[in-house]
Amino acid sequence: EAGVTQFPSHSVIEKGQTVTLRCDPISGHDNLYWYRRVMGKEIKFLLHFVKESKQDESGMPNNRFLAERTGGTYSTLKVQPAELEDSGVYFCASSQYLTSSGANVLTFGAGSRLTVL
Amino acid sequence: AQRVTQPEKLLSVFKGAPVELKCNYSYSGSPELFWYVQYSRQRLQLLLRHISRESIKGFTADLNKGETSFHLKIQFAQEEDSAMYYCADGKLIFGQGTELSVKP
């Protein structure tokens, strides 16, 4: 079974440019999450899709970030225009089931490292 | 508001020593809590979850509702346990992470 796949693994762009990150979840996983790690360590929640719908996008930092999940399959996260503070590692994770209490067990992708110069 | 807190950014211990990585949560009820780990050059992965009451490779974590804690304990730390450890709640909000360094 293929895991969660993210593209690109590393992207270097200049401030003001646009970058699109892609995540292919495990087939059949309805739940898809985006996170980012900034300042090296802390992992911040961005948003959660259930199939093609945004279940929770409370972590999206501002309107320069746009996430989509066409047809409930792969997802893209676009940053336009990119700023220096957007640099970090963007993680995607997917989950098939919710537990009885509504929690998820996540399978993570390797992450996409974004460097904005 | 932050729901899961890991107060220690870095822990350094010697091989064979016990270690406890702290995690506190800040809401009431019956939370579901997880520990995730990221070893060097590997993906973030689930280590254990409290609802399973499981112990994996010498790692244990007990939910303490009185102290609102879910600390991760390693009985005898090994060099290969060196990694970033994240506590997370059922809404998949992660703590700040604790870097564990086990020295020979």
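Right above here is the structure, for reference.
Residues numbered from 1 in each chain as written. Chains lettered and ligands numbered in written order. Predicted model: local features only at pLDDT ≥ 70, side-chain atom pairs only at ≥ 80, totals over all residues. Heavy atoms only, no water.

Digging into the pairing of strand E9 (residues 83-89) of chain B
All names here are of chain B. For E9, a buried count of 7 out of 7 residues is recorded, marking the element as mostly surrounded by other parts of the structure. Residues Ala83, Tyr85, Cys87 and Asp89 line one face of E9 and the alternating positions Met84, Tyr86 and Ala88 line the opposite face, and both faces are buried. Note that strand E5 (residues 33-38) and E9 share 6 bridges and pair antiparallel. Each residue of the ladder has a partner; that of Trp35, found in E9, is Cys87. Two strands pair when backbone bridges link them, and E9 and strand E10 (residues 98-103) are joined in this way by 3 bridges, in the antiparallel orientation. Looking across to E10, one finds that Tyr85 is bridged to Thr98. (Buried < 20%, exposed > 50% of the residue type's maximum accessible area, 1.4 Å probe, protein only. Helix = DSSP H or I, 4+ residues; strand = E, 2+ residues; numbered from the N terminus. Pairing = 2+ DSSP bridges.)

Quick look at the sheet that holds strand E7 (residues 65-68) of chain A
Residues and elements named next belong to chain A. Across the sheet, which stays open at both edges, the 4 strands sit in the order E1-E3-E8-E7 with antiparallel pairing between neighbours. Edge strands, defined here as strands with exactly one partner in the open sheet, are strand E1 (5-7) and E7. Neighbour-to-neighbour, the strand axes of the sheet open up by a mean angle of 15°, direction not taken into account. Taken together, the 4 bridges between E7 and strand E8 (residues 75-79) define a ladder with antiparallel strand orientation. Pairing of Phe65 across the sheet is with Val79, part of E8. (Axes fitted to C-alpha atoms, helices over the stretch in contact; angles between N-to-C directions.)

Looking at the state of the cysteines
All names here are of chain B. The final tally for this structure, using the stated rule, is 2 disulfides over all chains. One disulfide in the model links Cys23 with Cys87; its S-S distance is 2.0 Å. Taking the torsion about the sulfur-sulfur bond, which here is approximately -65°, the covalent link between Cys23 and Cys87 counts as left-handed. Of the two residues, Cys23 is situated in the loop between strand E3 (19-21) and strand E4 (24-25) and Cys87 in strand E9; the sequence distance between them amounts to 64 residues. (Disulfide = S-S within 2.5 Å.)

Points about the pattern of salt bridges
All told, the structure shown has 11 salt bridges over all chains when counted by the stated rule. A salt bridge links Glu85 of chain A to Arg64 of chain A; its shortest N-O distance comes to 4.0 Å. Of this pair, Glu85 of chain A sits in the loop between E8 and strand E9 (88-95) while Arg64 of chain A is found in the loop between strand E6 (53-56) and E7, placing the two residues 21 residues apart along the sequence. Overall, Glu85 of chain A belongs to the exposed group, its relative accessible area being 54%. Two residues, Arg3 of chain B and Asp89 of chain B, come together in a salt bridge whose shortest N-O distance is 3.0 Å. (Salt bridge = Lys/Arg side-chain N within 4 Å of Asp/Glu carboxyl O.)

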